[in-house]
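Chain by chain, the residues run as shown.
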Amino acid sequence: MRSDEIATEARRVLDICDACGYCNGFCDLFEAARRRPALSDGDLAHLANLCHACRNCLYACQYAPPHVFQVNVPRTLARLRQRTYAEYVWPKGLAFLLDHGRLSTLIVTLAATALMIGLVLTSLPPETLFDRHLGTGAFYRILPWETMAWIGAIPLGWSALAIGIGLRRYWRATRPGSARVTSRAFVRALRDVVLLRNLQGGGPGCNDLDDRPSHARRRLHQTLAAGVLLSLAATLVATLYHHALGWEAPYPALSAPVALGTLGGVCMTVGAIGLLWLKRRGDQTPTAPESRRADAAILGLLLWVALTGLALLIWRETGAMGILLAIHLGGVLALFILLPYSKLVHAGYRFISLLIEAMEQASGRKA
Ligand code: SF4
Ligand code: SF4
């Protein structure tokens, strides 16, 4: 569907919801939509990202298909959400990466992995690459620390800049004129992110698979996010060890970086497999095919990074360590590159939408 068709459909559906009001208790969206009778493009972007796709409003809706009104709020907002990622992306010329999420994830992952494998194959003779490397500094005999640091820092720096510009644009387009950012609103938005309050459907849970309520998706999402944060913590602690204490990787199995990284990898694996399973087995009616494919692709990449990281840990004292390191770093590099150009960027947009909602609720704003 074209952007204008998606926006027209969203306005039609939300106008019906405004008149109906049956789903107001499920999440923040319906009240937020009522405060925005004009439903400008910025309003629609905000509402699309406020929706957490819990699907309650589809199974509760008397106007859902096969009714002639064909009201399908989760699918309509999923399409709209996907459009907002492309709308606010920086630079605009890279919006095609979001429009073709599955293909771009696959190509970037293959290219980044080929680059890393090519780098180790061309910089080391085979007998060194496939030799066992033990003890302090073993990883850096495959790739020097400086090389690894630059390979991570350049794409990460670019992605941080791109995400920052995109979120600034989004904030300008969606922020309410009268409500103010307060520390209370900020804390509330942060709490909503951690608890995924809007994925509780007002308490009983989401419709993860069908019309039965469940908390599976919320818990799996939290497990995956915790895994990413634990892995990040492992990297930060390892960096501290390297620079502040002069201790070089690999670290012992009972050290903080390995414990954090292992737990992070396991959480990422469990979360990603569970979410992929829900995507495959769940009712497809509330989802949009374009966002479903892109979501599955990025979940697949997160799973790949977790599994290759765990494989590296298990086989780090064998001759396979060098090639496993290259494969794992290829996945991490792809993840860094795709941060602003995949579903991963949703975290920032959703936080801003939750912040705006918290600001409006605090100020009792009426449009
Ligand atoms: S989704 Fe259906 S039942 Fe819910 S508010 Fe909209 S029209 Fe009413
Ligand atoms: S799918 Fe869930 S979060 Fe989205 S509008 Fe419907 S009830 Fe709200």
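Residues numbered from 1 in each chain as written. Chains lettered and ligands numbered in written order. Predicted model: local features only at pLDDT ≥ 70, side-chain atom pairs only at ≥ 80, totals over all residues. Heavy atoms only, no water.

**Considering the overall build of the protein chain**
Part 1 of the reasoning: If you tally the helices and strands in the protein chain, you get 15 helices and 0 strands.
Part 2 of the reasoning: In terms of overall dimensions, the protein chain is globule-like: its C-alpha atoms have a radius of gyration of 22 Å, near the 21 Å expected for 367 residues.
Part 3 of the reasoning: Each principal axis of the C-alpha atoms in the protein chain carries an extent, and together these give about 70 × 40 × 40 Å.
Part 4 of the reasoning: For the protein chain, with 367 residues in total, the buried portion stands at 49%. (Helix = DSSP H or I, 4+ residues; strand = E, 2+ residues; numbered from the N terminus. Rg over C-alpha atoms; globule rule 2.2 N^0.38 Å. Buried < 20%, exposed > 50% of the residue type's maximum accessible area, 1.4 Å probe, protein only.)

**Regarding the site of ligand 1**
Part 1 of the reasoning: Near ligand 1, the surroundings consist of Ile 16, Cys 17, Cys 20, Tyr 22, Cys 23, Cys 57, Cys 61, Gln 62, Tyr 63 and Val 73.
Part 2 of the reasoning: At 3 residues, the largest contribution of residues to the shell around ligand 1 is made by helix α1 (residues 3-20).
Part 3 of the reasoning: Of the residues belonging to the shell around ligand 1, the class tally is 9 nonpolar, 1 polar and no charged. (Near = heavy atom within 4 Å. Nonpolar A, V, L, I, M, F, W, Y, C, P; charged D, E, K, R; others polar.)

**Structural notes on the UniProt feature "transmembrane region" (unreviewed entry) in the protein chain**
Part 1 of the reasoning: UniProt's feature table lists "transmembrane region" (unreviewed entry) at residues 103-124, 148-167, 224-244, 256-278, 298-315 and 321-341, given in the numbering used throughout.
Part 2 of the reasoning: Strand forms 0% of residues 103-124 and helix 95%; the C-alpha atoms that close the span are 32 Å apart.
Part 3 of the reasoning: What you have in residues 256-278 is 100% helix and 0% strand, and the ends, taken at the C-alpha atoms, are 33 Å apart. (UniProt positions renumbered as here; feature names shortened; annotations may be inferred.)

**Some words on the environment of Asp 192**
Part 1 of the reasoning: Within the element layout of this structure, Asp 192 appears in helix α10 (residues 183-195).
Part 2 of the reasoning: Since its relative accessible area comes to 2%, Asp 192 is described here as buried.
Part 3 of the reasoning: Along the backbone, Asp 192 and Leu 354 are 162 residues apart, and their C-alpha atoms lie at a distance of 7.3 Å.

**Some details on the site of ligand 2**
Part 1 of the reasoning: In the vicinity of ligand 2, the contacting residues are Phe 26, Cys 27, Leu 29, Phe 30, Cys 51, His 52, Ala 53, Cys 54, Arg 55, Cys 57, Val 73 and Pro 74.
Part 2 of the reasoning: Of all the secondary structure elements, the ones that give two or more residues to the shell around ligand 2 are α2 (29-34) and α5 (73-87).
Part 3 of the reasoning: Here the shell around ligand 2 is composed, by residue class, of 10 nonpolar, 1 polar and 1 charged.

**Here we look at a nonpolar patch on the surface**
Part 1 of the reasoning: A grouping of Leu 103, Leu 106, Ile 107 and Leu 110 is seen on the molecular surface, where their side chains present a nonpolar patch of about 410 Å² in accessible area.
Part 2 of the reasoning: Among the secondary structure elements, Leu 103 is positioned in helix α7 (residues 101-123). (Patch = residues over 30% accessible without salt bridge, like charges linked within 9 Å, V, L, I, M, F, W, Y side chains within 5 Å. Areas by Shrake-Rupley, 256 points an atom, 1.4 Å probe, with all protein chains shown as cover. Salt bridge = Lys/Arg side-chain N within 4 Å of Asp/Glu carboxyl O.)

**A closer look at the packing of aromatic side chains**
Part 1 of the reasoning: Inspection of the entire model under this criterion finds 9 aromatic pairs.
Part 2 of the reasoning: Between Tyr 63 and Phe 69, the aromatic rings sit 5.2 Å apart at their centres with planes inclined by 40 degrees, giving tilted as the arrangement.
Part 3 of the reasoning: Its relative accessible area of 24% is what places Tyr 63 among the partly exposed residues.
Part 4 of the reasoning: Phe 69 sits in the partly exposed class, given a relative accessible area of 36%.
Part 5 of the reasoning: Taken together, the aromatic side chains of Tyr 85, Tyr 88, Tyr 170 and Tyr 349 make up a single cluster linked through ring pairs. (Phe/Tyr/Trp six-rings, centres within 6.5 Å; stacked < 30°, edge-to-face > 60°.)

**Overview of the packing of α10 against helix α15 (residues 346-363)**
Part 1 of the reasoning: Where α10 meets α15, the closest approach of the two axes is 8 Å, and the angle between their N-to-C directions is 130 degrees. One finds that α10 runs oblique with respect to α15. When you trace α10 past α15, the crossing you get is right-handed. Each of Ala 185, Phe 186, Arg 188, Ala 189, Leu 190, Asp 192 and Val 193 in α10 lies in contact with α15, whose residues at this interface are Phe 351, Leu 354, Leu 355, Ala 358, Met 359 and Gln 361. (Axes fitted to C-alpha atoms, helices over the stretch in contact; angles between N-to-C directions. Parallel < 35°, antiparallel > 145°, perpendicular 65-115°, else oblique. Left-handed = near helix turned anticlockwise from the far one by under 90°. Contact = heavy atoms within 4.5 Å.)

**Focus on the pattern of salt bridges**
Part 1 of the reasoning: As enumerated under the stated definition, the model contains 18 salt bridges in all.
Part 2 of the reasoning: The residue Asp 295 makes a salt bridge to Lys 279 at a minimum N-O spacing of 3.5 Å. In this pair, Asp 295 is assigned in helix α13 (residues 289-314) and Lys 279 in helix α12 (residues 256-281), connecting sequence segments 16 residues apart.
Part 3 of the reasoning: With a relative accessible area of 26%, Lys 279 lands in the partly exposed category.
Part 4 of the reasoning: Salt bridges sharing common partners tie together Arg 35, Arg 36, Asp 43, Glu 357 and Glu 360.

**Structural notes on the environment of Trp 171**
Part 1 of the reasoning: With respect to the helices and strands, Trp 171 occurs in helix α9 (residues 145-174).
Part 2 of the reasoning: Each C-alpha atom of the pair Trp 171 and Ser 353 lies 8.6 Å from the other, and the pair is 182 residues apart in sequence.
Part 3 of the reasoning: Apart from residues no more than four positions distant in its own chain, Trp 171 is found in contact with Val 181, Ile 352, Leu 355, Ile 356 and Met 359.

**So, unusual backbone geometry**
Part 1 of the reasoning: Along the chain, Pro 65 connects to Pro 66 via a cis peptide bond; the corresponding omega equals 20 degrees.
Part 2 of the reasoning: By secondary structure assignment, the location of Pro 66 is in the loop between α4 (56-59) and α5.
Part 3 of the reasoning: A cis amide bond links Ala 249 with the next residue in sequence, Pro 250, at an omega value of 0 degrees.
Part 4 of the reasoning: Topologically, Pro 250 is positioned in the loop between α11 (216-245) and α12.
Part 5 of the reasoning: Located in the positive-phi region is Ala 53, a residue other than glycine, with phi close to 60 degrees.

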